Amino acid sequence: MSAALDPTTRLLRACRGEPVDRPPVWLMRQAGRYLPEYRRLRAGIPFLDMCRDVSKAVEVSLQPVAAVGTEAVILFSDIFVPVAGMGVALDFAPGPVIADPIRRLDQVEALALRDPRESVPYVFEILRRLRAELAAQRLPLLGFAGAPFTLACYLVRGKGDPERRYEELHALMRDAPEVARALLDRLAEMTVQDLAAQVEAGAQAVQLFDTWAGLLSEAEYRDWVLPGIRRIVAGLDRAAAPLILFASDAPHLVEIMAESGCDVLSIGARVEMAEAARRVGRKVSLQGNLDPAELTGSREHIFARVRAIAAAAAPARGLILNLGHGVTPDTPVEGVRAFTAAARSLGNVGNGDVP
Ligand code: CP3
């Protein structure tokens, strides 16, 4: 039996498909309203102010380490923070609300491509501080960004869609394709700069959130989304920081997303892990895919589900245990703890032997 890996080595190895002692674990939206300590710190402070307050953001980012035993820390911020840095007037209620939804070319051209280290400097200060805080525990630090299509869903509609359809962007793609392309290109350009600066500031891996990509057919994805993702992948030093690509509900896009050049594909709960592993082969590692609702189950249930996911992922080149989408505000903290404990209870599940 080899000695246990430290959490940073384990996560980076899992991303690259190198042998690990067991899968690492973290959760999307692990810092948030399900944690009483988050609600206490957030009380009375607008969400964007929280994101800009370096010491509060550092504290919130670290809360899930002690509270639920997560094995990676993700920067506390939002995918719309760098968009605000482009000059877009927006608010959170609780999701993003855009004062002037973007539908015309002049609005796209007005989106400023400034150096994010100047437009949103606090993001990089938070990362630098977190990296210093995490060194002793050897916990990995994750950066993130929203993918162009998902950002555009909100920017064009102006707010979240309770029906989860985002038809306004689809309509723009059909009726004014040059505007839709210019918007997606501009967002990709901003994201390349943002993620590069996050890596420079200490992020050891980055996740690209393309939450709503599954709204597109495979052909639409190839035409409208894949070029932007490839551009972002090409703009990153992936030897310095691997890239995780996430979509929340896109069972039909598993193969094409794995073709983007990402290191890890983060899958939703609607595709079976075994099937995803078969479909991606050894091209990418996998992350996911426990349904967040399962965290309301018993500890035994959560342990059994985690064992099943790990076993199903055995043919994959690597696995990072996570949810199929973010933790919801009504999730019991106990369930989240059981999830990370279940990961720690796993032995090697077949993704190669530790040398
Ligand atoms: O994962 C983390 O813990 C890191 C921080 C993080 C937040 N948002 C904090 C947040 C991350 C990675 C995000 C990503 C994000 N933001 C996405 C992609 C992932 C996903 O969940 O689909 C999207 C689409 C957004 C935009 C956004 N921000 C929405 C739709 C909402 C409202 C939904 C909700 O949870 O209420 C937000 C607000 C937001 N972002 C909160 C947090 C902790 C809640 C704000 C509050 O405290 O009121």
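In what follows, the accompanying structure is described. (Residues numbered from 1 in each chain as written. Predicted model: local features only at pLDDT ≥ 70, side-chain atom pairs only at ≥ 80, totals over all residues. Heavy atoms only, no water.)

**Remarks on the overall build of the protein chain**
Assigned secondary structure in the protein chain consists of 16 helices and nine strands. Computed over its C-alpha atoms, the radius of gyration of the protein chain comes to 19 Å, within 12% of the 20 Å expected for a compact globule of 355 residues. Burial status across the protein chain gives 57% buried among its 355 residues. For the protein chain, restricting intrachain contacts to residue pairs at least 6 apart in sequence, the fraction spanning at least 24 positions comes to 74%. Carbon and sulfur atoms provide 50% of the accessible area of the protein chain, an area that totals close to 13,900 Å². In the protein chain, which carries 41 positive and 44 negative side-chain charges, the distance between the mean positions of the two groups comes to 3 Å. (Helix = DSSP H or I, 4+ residues; strand = E, 2+ residues; numbered from the N terminus. Rg over C-alpha atoms; globule rule 2.2 N^0.38 Å. Buried < 20%, exposed > 50% of the residue type's maximum accessible area, 1.4 Å probe, protein only. Contact = heavy atoms within 4.5 Å. Areas by Shrake-Rupley, 256 points an atom, 1.4 Å probe, with all protein chains shown as cover. Lys, Arg positive; Asp, Glu negative; His and termini not counted. Charge placed at Lys NZ, Arg CZ, Asp CG, Glu CD.)

**Focus on the nonpolar core**
Y221 and F339 are the most contacted members of the largest nonpolar core, which has 141 residues in total. Broken down by element, this core gets its largest block of residues, eleven residues, from helix α11 (residues 177-200). (Core = buried A, V, L, I, M, F, W, Y, C linked by side-chain atoms within 4.5 Å.)

**Quick look at the pairing of strand β9 (residues 319-323)**
Most of β9 is tucked away, with five of its five residues classed as buried. Here β9 shows no split at all, with L319, L321 and L323 on one side and I320 and N322 on the other all buried. Once the chain exits strand β8 (residues 285-290) it traverses helix α15 (residues 299-312) before rejoining the sheet at β9, and the crossover so formed is right-handed. (Right-handed = clockwise from strand over helix to strand, strands pointing away.)

**Looking at the side chain of N322**
Along the chain, N322 falls in strand β9. A residue is classified by how much of its surface remains accessible, and N322, at 0% relative accessible area, is buried. Only 3.3 Å separates the side chain of N322 from the backbone oxygen of W26, close enough to count as a polar contact. Residues contacting N322, with those up to four places away along its chain left out, are W26, L27, M28, Q287, G288, N289, L290 and F339. (Polar contact = N/O pair within 3.5 Å; in protein donor to acceptor, adjacent residues only side chain to side chain.)

**A word on the packing of helix α9 (residues 148-157) against helix α10 (residues 167-175)**
Relative to each other, α9 and α10 sit at 95°, their axes nearing to 8 Å. For the element pair α9 / α10, the angle class is roughly perpendicular. Judged by residue contacts, F149, A152, C153, V156 and R157 of α9 engage E168, L169, L172 and M173 from α10. Grouping the constituent residues of the contact of α9 with α10 by class yields seven nonpolar, no polar and two charged. (Axes fitted to C-alpha atoms, helices over the stretch in contact; angles between N-to-C directions. Parallel < 35°, antiparallel > 145°, perpendicular 65-115°, else oblique. Nonpolar A, V, L, I, M, F, W, Y, C, P; charged D, E, K, R; others polar.)

**Topic: the environment of V225**
Its place among the elements puts V225 in helix α12 (residues 218-235). Since its relative accessible area comes to 5%, V225 is described here as buried. Sequence spacing of V225 and R165 is 60 residues, and the spatial spacing of their C-alpha atoms is 17 Å. Setting aside its immediate chain neighbours within four residues, V225 contacts F149, D210, L216 and E220.

**Observations concerning the side chain of T340**
With respect to the secondary-structure elements, T340 resides in helix α16 (residues 333-344). Among the polar contacts made by the side chain of T340, one reaches the main-chain carbonyl oxygen of R337 at a distance of 3.1 Å.

**Some details on the site of the ligand**
In the vicinity of the ligand lie 23 residues, with R29, R33, Y38, D78 and T211 positioned nearest. Between an oxygen atom of the ligand and a main-chain N or O atom of Q30, the distance comes to 3.3 Å. The separation between an oxygen atom of the ligand and a polar side-chain atom of R42 is 2.8 Å. In the complex, 90% of the free accessible area of the ligand, which totals 870 Å², lies under the protein chains. When its residues are assigned to classes, the shell around the ligand shows 14 nonpolar, five polar and four charged. (Near = heavy atom within 4 Å.)

**A closer look at the packing of α10 against α11**
Two elements in contact, α10 and α11, have axes whose closest approach is 5 Å; the angle formed by their N-to-C orientations is 120°. Comparing their axes, α11 and α10 come out oblique. Residues L172, M173, R174 and D175 of α10 form the contact with α11, whose own contacting residues are P177, V179 and A180. Residue composition of the contact of α10 with α11, grouped by class: five nonpolar, no polar and two charged.

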